[in-house]
Amino acid sequence: IRAQVSPITGEKVRSQGAVIVCYDITEIRRLELLRTEFVGNVSHELRTPLTSIKGFVETLLDGASDVPHLRERFLNIIHKETLRLQRLVDELLTLSRIENQRQDSGQGMSKVQEAYEKIRPVIEPYAEAKKIELEIKIPRDLPEVGIGIDLLSQVLLNLMENAVKYTVKGKVWLHAFHDDGKILLEFGDTGCGIPEGDLPRIFERFYRVDKARSREQGGTGLGLSIVKHIVEGVKGKITVASELGSGSVFICELPTGNGEKKNEEESKEGN
Ligand code: ADP
């Protein structure tokens, strides 16, 4: 610890520590190299037919157009090279359209991460106000989960809001895994826990362990039944383990894949 001058106020302050920010730029560098290589290849591919077209047009203008068999042969070559250029440009446009679409869908973000980003503005200030640590672990390469983003966000919101609501101090976490063709979402907390006798009933509509306290906390008793309905609607499963006074862990098992539309329609029909 040594005395320093604050860059903001100009006062003498004693620094209490340091902030080190590290970025892993391996992926950025790799993409940069790919892009440079790609631009190089494209320029070469475009230049070859263009040079050829230019050469034959100049030859025709220099007099070859007066010789019928040369004129026809050169015009055929020019036509062929023009078609090649056209195909190349069409393919480049298609490629750039596909790349843009990929970037639009959350820039490679997994759907679970995207759902968390949606509820982050609600959960983070709530946890911060109660001085509860939030730990979110979502692997970047998590396979696609077979549920729509809105339903998934609702599941995350209900479970994480409960976790913070029923925790006085400690930690709330969301860990996502991929196992045996399934996506597992673990929502944990170091909160008050749920008595063993109540565990089988907490997913029922309007069921609350401590009615007075739950009402006081703004609960309706519907949150978990909604979660169960959504999860089972996409052929997933929700389980809970809890210890009174230590905390609770809810595990959502969800299918992988892009079958969300079909599943959601089925879940609506079931309503
Ligand atoms: P509520 O709106 O009352 O929170 P929920 O359906 O979300 O209704 O939950 C039902 C009951 O289950 C709650 O009233 C609470 O008693 C209990 N519960 C749910 N999540 C937790 C948790 N993470 N820790 C402790 N108790 C919980």
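Residues numbered from 1 in each chain as written. Predicted model: local features only at pLDDT ≥ 70, side-chain atom pairs only at ≥ 80, totals over all residues. Heavy atoms only, no water.

### Concerning the environment of Leu50
We count it as follows: Each helix is a run of H or I in the DSSP string that is no shorter than four residues. Each strand is a run of E no shorter than two, and both are numbered from the N terminus. The buried label goes to any residue with under 20% of its type's maximum accessible area, the exposed label to any with over 50%, and the partly exposed label to all in between, with areas taken from a 1.4 Å probe on protein chains only.
The residue Leu50 is located in helix α1 (residues 26-61) in this model. Overall, Leu50 belongs to the partly exposed group, its relative accessible area being 47%. Sequence-wise, Leu50 and Thr82 are 32 residues apart; in three dimensions their C-alpha atoms are separated by 8.2 Å.

### As for the confidence of the model for the chain
What counts, and what does not: Per residue, pLDDT measures the predictor's confidence, with a range of 0 to 100. For this analysis, residues touch if any pair of their heavy atoms sits within 4.5 Å.
Overall, the prediction assigns the chain a mean pLDDT of 83, with 79% of residues at 70 or greater. Segment residues 260-271: pLDDT under 50, and 16 contacts once partners within four positions in sequence are set aside and those in other chains are kept.

### Points about the sheet that holds strand β4 (residues 171-179)
Spelled out, the test is: The pairing criterion for strands is at least two bridges between them, as found by DSSP. Every axis in this analysis is a line fitted to C-alpha atoms, fitted for helices over the stretch in contact. Angles between the N-to-C directions lie between 0 and 180 degrees.
Across the sheet, which stays open at both edges, the 5 strands sit in the order β3-β4-β5-β7-β6 with mixed pairing between neighbours. Where the open sheet ends on each side, the last strands, each with one partner, are β3 (133-137) and β6 (237-243). Between one strand and the next, the sheet's axes are offset by a mean angle of 15°, whatever the strand orientation. For β4 and strand β5 (residues 182-189), the ladder comprises 8 bridges, and the chain directions are antiparallel. Residue pairing across strands places Leu174 opposite Phe187, the latter belonging to β5. Helix-sheet contacts for helix α4 (residues 149-165) involve β3, β4, β5, β6 and β7 (247-255), and the interaxial angle to β5 is about 25°.

### Thoughts on the pairing of β5
Within β5, 6 of the 8 residues are buried, which leaves it mostly tucked inside the rest of the structure. Where β4 hands over to β5, the hairpin turn is made up of 2 residues, of which Asp180 adopts a positive phi near 50°. Where β5 and β7 come together, 8 bridges link them in antiparallel fashion. Bridge pairing in β7 places Leu185 opposite Cys252.

### Quick notes on helix α3 (residues 111-129)
To keep it simple, the criterion reads: A helix is expected to reach a length of 1.5 Å times the quantity of its residues less one. Throughout, bend refers to the angle between the axes fitted to the seven residues that end at a position and the seven residues that start at it.
Helix length check: α3, at 19 residues, gives a terminal C-alpha distance of 27 Å against a target of 27 Å (1.5 Å per residue), a fit within 8%. Of all the bends in α3, the greatest, near 60°, is centred on Arg120, and the proline Pro121 appears no more than four residues after it. Where α3 is concerned, the buried positions are Lys111, Val112, Gln113, Ala115, Tyr116, Ile119, Ile123 and Ala127. Just downstream of α3, Lys131 is the residue with a positive phi angle, here 55°.

### Observations concerning the pattern of salt bridges
Stated precisely, the cut-off is as follows: Note on definitions: salt bridges are taken to be side-chain nitrogens of Lys or Arg within 4 Å of carboxyl oxygens of Asp or Glu.
Using the criterion set out here, one finds 8 salt bridges in the structure. Linking Lys54 and Glu58 is a salt bridge whose minimum nitrogen-to-oxygen distance equals 3.8 Å. With Lys54 and Glu58 both in helix α1 and 4 residues apart, the pair spans about one turn of that helix. Residue Lys54 is classed as exposed on the basis of its relative accessible area, which comes to 54%. Taking the shortest distance from any N to any O, the salt bridge between Lys171 and Glu135 comes out at 3.3 Å. With a gap of 36 residues between them, Lys171 in strand β4 and Glu135 in strand β3 connect regions that are remote in the sequence. Because the salt bridges share partners, they merge into one network encompassing Glu117, Arg120 and Glu124.

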